[in-house]
Amino acid sequence: MSQLKSMFLLMLAMTTIVLYLVWSSQGKELKRFAYQENVVLCHEQSEDTRELKPREEPMIYFITPTYPRREQVAELTRLGQTLMHVPNLHWIVADDNRLCNAMVMELLKKFGIPFTHISSPMPEMYRKASTVPRGVANRRAALHWIQANVKHGVLYFGDDDNTFDLRLFNEIRSTRKVSMFPVGLIGDYGVSSPVIKDGKVIGFYDSWPAKRTFPVDMAGFAVNIDFFLKHPEASMPYKAGYEEDHFLKSLNISLDDIEPKADGCTQVLVWHTQTTKRPAPTVKIHKQSGTSLKELLHELDYLGMAFSNPVKGVKSMLSKDGKTINL
């Protein structure tokens, strides 16, 4: 009887070891494929042919992921004609394309903006994921380019389907570490924003907190490049929905490090516009006194982007450190 028990335990131990080896090898294989990123530098243009007055101010490195589709030219044209008015800006356009797209390169030349054009296709394994982490390979490639070529300035992620108030660029130039601000047309609240009290971030107003430490939109923050370069391991994961949160956590920041912009996060200067139409939401929320939310909600109502109501509408929450509080 004891011999049978010993044999059973031996087989159980061997099975456990085999399963562990299989699991660990799959993990290594997964990690190996995660970094099979085929990045090609397509073109760089350092000359600024716009007739803008030179200014002594930090350079903004504006990172735009893009991908081939019917609307690509239209959206890059709309964005490019906005950026034409922004001095001291270098545009990094990273295309989810295996080859350098000559059409995109020729289009970028027309704006006269200094630019870097990169081909950075998403690794094939992530295209088959249930939720595809779009734009990650492109942003990672742009971050690597900055690490290799830039010493000073401010980096900002601006998608080609976003809309920007020109005042935003003046706001983010003074970023010392990480600045944050509201982004309009996001989720069930119509906005994603830090909440400010006495000049400090006390939490976040975002309809998808998902236990994120920093539940913000990609267009809702800017990073000082000197500060970014002090964190060589800073990167963005291939994890859909958590790209911003993990990137910001990799910078090892706290709420006290965040610099509120856009008049204490009471104004919307960037919008996550899309070609689809959605009705303005009504959010169930009581009057917020003593924080930036009071003025921000009034601004959203005035702009027709979202309406607040104390008795009906989408349930609202404040999130902090991955936990939520009903408002």
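Note: the structure precedes this text.
Now for a description of the structure that goes with this document. What you are looking at is a predicted structure, and each value in this text was computed from that prediction instead of being measured.

## Section: the sheet that holds strand S14 (residues 282-284)
- The strand order across the open sheet built from 3 strands is S15-S14-S16, with neighbouring strands paired in parallel fashion. Edge strands, defined here as strands with exactly one partner in the open sheet, are strand S15 (307-309) and strand S16 (314-315).
- With 3 bridges connecting them, S14 and S15 associate as parallel partners. Among the inter-strand pairings, Lys284 is bridged to a residue of S15, identified as Asn309.

## Some words on the nonpolar core
- If you look at the biggest cluster of nonpolar residues, it comprises 40 residues, and the most contacted ones within it are Ile146, Phe221 and Leu251.
- Per-element accounting of this core gives the leading share, 7 residues, to helix H5 (residues 136-149).
- Excluding residues within four positions of it along the chain, Phe221 makes contact with Tyr156, Phe157, Val178, Ser179, Met180, Phe181, Val216, Glu244, Phe247 and Leu248.
- In this structure, Leu108, Ile113, Leu168 and Leu269 belong to the second largest nonpolar core, which totals 29 residues.

## Focus: the packing of aromatic side chains
- A complete count under the given rule lists 16 aromatic pairs for this structure.
- Between Phe157 and Phe221, the ring centres sit 6.0 Å apart and the planes meet at 65°, which makes this aromatic pair edge-to-face. Placement of Phe157 in strand S5 (residues 154-157) and of Phe221 in strand S11 (residues 221-224) is noted, with a sequence separation of 64 residues between them. Of the two residues, Phe157 and Phe221, both sit in the buried class.
- Counting every residue linked through ring pairs, the aromatic cluster contains Phe62, Tyr156, Phe164, Phe169 and Phe181.
- Above the plane of the ring of Tyr67 lies Arg69, whose end atom (NZ or CZ) is 4.2 Å from the centre.
- The aromatic ring of Tyr242 is capped on one face by Lys239, whose charged end is 4.7 Å from the ring centroid.

## Remarks on the sheet that holds strand S12 (residues 258-260)
- A sheet is described by the order of its strands in space; here 8 strands give the open sequence S1-S4-S3-S2-S5-S11-S7-S12, paired in mixed fashion. Of all the strands in the sheet, the pair left with one neighbour each is strand S1 (40-45) and S12. Each strand axis lies, on average, 20° off the axis of its neighbour in the sheet, ignoring direction.
- Strand direction decides the pairing type here: strand S7 (residues 178-180) and S11, joined by 3 bridges, are antiparallel.

## Section: helix H2 (residues 72-83)
- If you check H2, its first and last C-alpha atoms are 16 Å apart, about what 12 residues at 1.5 Å a residue would give, namely 16 Å.
- Taken together, the buried positions of H2 are occupied by Gln72, Glu75, Leu76, Leu79, Gly80 and Leu83. Down the axis of H2, the buried set is contained in an arc of 130°. They therefore lie on one face.
- In this structure, the buried residues of H2 make contact with strand S2 (60-66), strand S3 (89-95), helix H3 (102-110), strand S6 (163-164) and helix H6 (167-172).

## Here we look at the packing of H2 against H3
- Direction vectors running N to C along H2 and H3 enclose 20°, while the axes themselves pass 11 Å from each other. As far as their axial angle goes, H3 and H2 are roughly parallel. As for how H2 packs across H3, the hand of that crossing is right-handed. Contact residues: Gln72, Val73, Leu76 and Thr77 in H2; Met103, Val104 and Leu107 in H3.
- Its residues assigned to classes, the contact of H2 with H3 comprises 5 nonpolar, 2 polar and no charged.

Parameters at a glance
- Residues numbered from 1 in each chain as written.
- Predicted model: local features only at pLDDT ≥ 70, side-chain atom pairs only at ≥ 80, totals over all residues.
- Heavy atoms only, no water.
- Pairing = 2+ DSSP bridges.
- Helix = DSSP H or I, 4+ residues; strand = E, 2+ residues; numbered from the N terminus.
- Core = buried A, V, L, I, M, F, W, Y, C linked by side-chain atoms within 4.5 Å.
- Buried < 20%, exposed > 50% of the residue type's maximum accessible area, 1.4 Å probe, protein only.
- Contact = heavy atoms within 4.5 Å.
- Phe/Tyr/Trp six-rings, centres within 6.5 Å; stacked < 30°, edge-to-face > 60°.
- Lys NZ or Arg CZ within 6 Å of the ring centre and 35° of its normal.
- Axes fitted to C-alpha atoms, helices over the stretch in contact; angles between N-to-C directions.
- Expected span 1.5 Å × (residues − 1).
- Arc of directions from axis to C-beta.
- Parallel < 35°, antiparallel > 145°, perpendicular 65-115°, else oblique.
- Left-handed = near helix turned anticlockwise from the far one by under 90°.
- Nonpolar A, V, L, I, M, F, W, Y, C, P; charged D, E, K, R; others polar.

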